Amino acid sequence: MSLFHQHLRRAPAVLSSAWRSLHSRQTVARSITTTSVAQNGSQEVRARPRVVFSGIQPTGIPHLGNLLGALLNWVKLQRDASPEDQLIYSIVGWHALTLPQDPKALSVARRDMLAVLLAVGLDPNRSVIFHQDENPHHAELAWILNCITPMGKLRRMTTWKSRLAASRNARDDSEVDESLLNAGLFTYPVLQAADILAYRATHVPVGEDQQQHIELCRDLAESFNRTFKGKRALFPLPQHVITSSCRVLSLRDPSSKMSKSSPDLNSRILLTDTPAQVRSKIRSAVTDSTLGITYDPETRPGAANLLSILAACTDEDVQVVAARYADKGHGDLKGDVAEAVEELIKGPRAEFERLRQETAYLEEVAKKGAEKARALTEPVMKEVRTRIGLV
Ligand code: AQP
């Protein structure tokens, strides 16, 4: 048996019971079962098996927000998908370049992210798991889509502001302006559209903040279909799958989301944090001085964030969790949050630490994933080139 297959057999066994039970209880992806038949003017895209695409940037070790808001849901989608559904998960290195990266750190983060995806339970035999930068079709299609993207539409995309603000530890978006903006960061929603359309993906599980990008992607798909007609519309209009209501906020500044690129290490819990680090970061989380605990995201965002984290880890309703702490203090809540988070991450953390040493195995997974990805996009790109006249 190859190293590759030995790993596949071993991996799930080490996942903690909390992680496993969370997988089995969460019902995050119901919308995936809806059939998507898109209308494109007179052309109709035939219903076909679902193609799910999502990506994560190799910008550091994933934090609790990435886990609860994305990775856990990817594993859940993999578990619940029907056999004909296609699941495609990418480590999107080209997106990482839109903010300055240290080349050595990026190279390590890129390999580590693959180990993380496997450690949380993604199975390379079931899902296509690959590095975006090993499939040049993403960049080729992005250029073509750039040429049909109106500047006005791109200007309405605002996520670059929050990404810049987070990377500079700014208090809010108003502290950053266009003088700090590079062309890559400005046009990354077009690259994201190419990531999705190159696979003719139908479902895209990403956070709520990405809604505007999915809208742009649908507009570009529609525009391409209308402009470059063939027997059938080439691109389906992808659906945004909201996979989780859990938007994890920074522990130091609960007005912004927990983020890999925030310079403040205490603002996030990493998958690799030790139990002592988890306790210490949660103990120092910003809350308020009001007695008793209530769930009020507007006026008490710090406490609300901790309650949401606890509810997500234990898969309970946040109001039910809040009621249990009505007469308790922040210390009690923080202690229980730390325990629940540790229970959630301990299995994947151990598996990640084991897998990140297995460089030959990781290379083999990456190579096979890239081959599968290129094989999926080659026929689509052939059709794109034919329709636009570059043949
Ligand atoms: N705080 C969060 N709460 C819930 N979900 C989150 N995601 C990110 N932060 C939170 C979800 O994680 C997936 C992968 O994100 P990404 O790495 O591609 O980019 P991002 O959204 O910009 O995440 P980060 O951690 O803030 O990375 P950096 O700092 O590098 O930009 C996405 O589905 C996202 O919704």
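Within every chain, residues take consecutive numbers counted from 1 along the sequence as written. This being a predicted model, a pLDDT of at least 70 is required before a residue's local features are given, and a value of 80 or more before pairs of side-chain atoms are given or counted; all residues contribute to the totals for chains, interfaces and linings.

Looking now at the pairing of strand β5 (residues 128–131). Side-chain alternation along β5 places Val-128 and Phe-130 on one buried face and Ile-129 and His-131 on a second face that is also buried. As paired strands, strand β4 (residues 86–91) and β5 are joined by 4 bridges and run parallel to one another. Note that in β5 the partner of Tyr-89 across the bridge is Ile-129. The burial label depends on the number of other C-beta atoms within 10 Å of a residue's C-beta. Counts of 20 or more mean buried, 12 or fewer mean exposed, and intermediate counts mean partly exposed, with C-beta atoms placed from the backbone. Starting at the N terminus, helices and strands are each numbered in turn, a helix being any DSSP run of H or I of at least four residues and a strand any DSSP run of E of at least two. The rule for pairing is simple: two strands pair if DSSP sees at least two bridges between them.

Taken together, 20 residues sit near the ligand, with Thr-59, Gly-65, Gly-69, Gly-207 and Ser-261 positioned nearest. Those elements giving two or more residues to the shell around the ligand turn out to be β3 (51–56), α3 (64–80) and α8 (159–167). Among the elements that line the shell around the ligand, the one with the most residues is α3, at 4 residues. All residues other than Ala, Val, Leu, Ile, Met, Phe, Trp, Tyr, Cys, Pro, Asp, Glu, Lys and Arg, Gly among them, are scored as polar; the first ten of these are nonpolar and the last four charged. For the shell around the ligand, the class distribution of residues is 6 nonpolar, 10 polar and 4 charged. Defining nearness, a residue is near a molecule or strand when the C-beta atom obtained from its backbone falls within 6 Å of it.

This next bit is on the environment of Arg-385. Mapped onto the elements of the fold, Arg-385 is located in helix α15 (residues 359–388). On the neighbour-count criterion, Arg-385 (13 C-beta atoms within 10 Å) is partly exposed. In this structure, the C-alpha to C-alpha distance between Arg-385 and Leu-141, residues 244 residues apart in sequence, is 9.4 Å. With residues near it in sequence (within four places) discarded, Arg-385 still touches Leu-390 and Val-391. Here, residues touch in the contact sense if the C-beta positions derived from the backbone fall within 7 Å of one another.

Our focus in this paragraph is helix α6 (residues 137–146). When α6 is considered as a whole, its buried residues turn out to be His-137, His-138, Leu-141, Ala-142, Ile-144 and Leu-145. In a view along the axis of α6, the buried residues occupy a sector of 165°, so they form one face of it. Among the structural elements, α4 (93–96), α9 (183–197), α10 (211–227) and α15 are those in contact with the buried residues of α6. Arc definition: it is the arc formed by the directions from the helix axis to the C-beta atoms.

The next thing to look at is the pairing of β4. For β4, a buried count of 6 out of 6 residues is recorded, marking the element as mostly surrounded by other parts of the structure. Of the two faces of β4, the one carrying Gln-86, Ile-88 and Ser-90 and the one carrying Leu-87, Tyr-89 and Ile-91 are both buried. Summarising the sheet, β3 and β4 pair through 6 bridges and their orientation is parallel. Looking across to β4, one finds that Gly-55 is bridged to Ser-90.

Axis separation between helix α5 (residues 103–119) and α15 bottoms out at 10 Å; the angle between their running directions is 85°. As the angle between them shows, α5 and α15 are arranged roughly perpendicular. For the pair α5 and α15, the contacting residues are Arg-111, Leu-114, Ala-115 and Leu-118 in the first and Leu-362, Val-365 and Ala-366 in the second. In terms of residue class, the contact of α5 with α15 is built from 6 nonpolar, no polar and 1 charged. Axis definition: a line fitted to C-alpha atoms, limited for helices to the stretch in contact. Angles are taken between N-to-C directions and run from 0 to 180 degrees. Roughly parallel refers to an angle under 35 degrees, roughly antiparallel to one over 145, roughly perpendicular to one between 65 and 115, and oblique to any angle outside these ranges.

The subject of this paragraph is the confidence of the model for the protein. The predictor reports its confidence for every residue as pLDDT, a score running from 0 up to 100. When pLDDT is averaged along the protein, the result is 87; 87% of the residues meet or exceed 70. Overall, residues 1–18 carries pLDDT values under 50, and its contacts beyond four positions in sequence, including any with other chains, amount to 26 contacts.

Remark: α6 packs on α9, axes separated minimally by 8 Å, with the N-to-C direction vectors making an angle of 120°. Compared by their axis directions, α6 and α9 come out oblique. The two elements α6 and α9 cross, and the hand of that crossing is right-handed. Facing α6, whose interface residues are His-138, Leu-141, Ala-142, Leu-145 and Asn-146, α9 presents Thr-187, Val-190, Leu-191, Ala-193, Ala-194, Asp-195 and Leu-197. Along the lines of polarity and charge, the residues of the contact of α6 with α9 split into 8 nonpolar, 3 polar and 1 charged. Note: crossing handedness is left-handed where the near helix turns anticlockwise from the far helix by less than a right angle, and right-handed where it turns clockwise.

With that settled, the discussion passes to α8. Each full turn of the α-helix corresponds to 3.6 residues, which orients residues three or four apart in the same direction. With respect to burial, α8 is a largely interior element, 7 of its 9 residues being buried. Listing the buried residues of α8 in full gives Trp-160, Lys-161, Arg-163, Leu-164, Ala-165, Ala-166 and Ser-167. The secondary structure elements touched by the buried residues of α8 are α9. Asn-169, located one to two residues past α8, shows a positive phi value of around 60°.

Relative to the assigned elements, Ala-338 resides in helix α14 (residues 330–355). Classification of Ala-338 as buried rests on a count of 24 C-beta atoms within 10 Å. For the pair Ala-338 and Ile-269, spaced 69 residues apart in sequence, the C-alpha to C-alpha distance is 10.0 Å.

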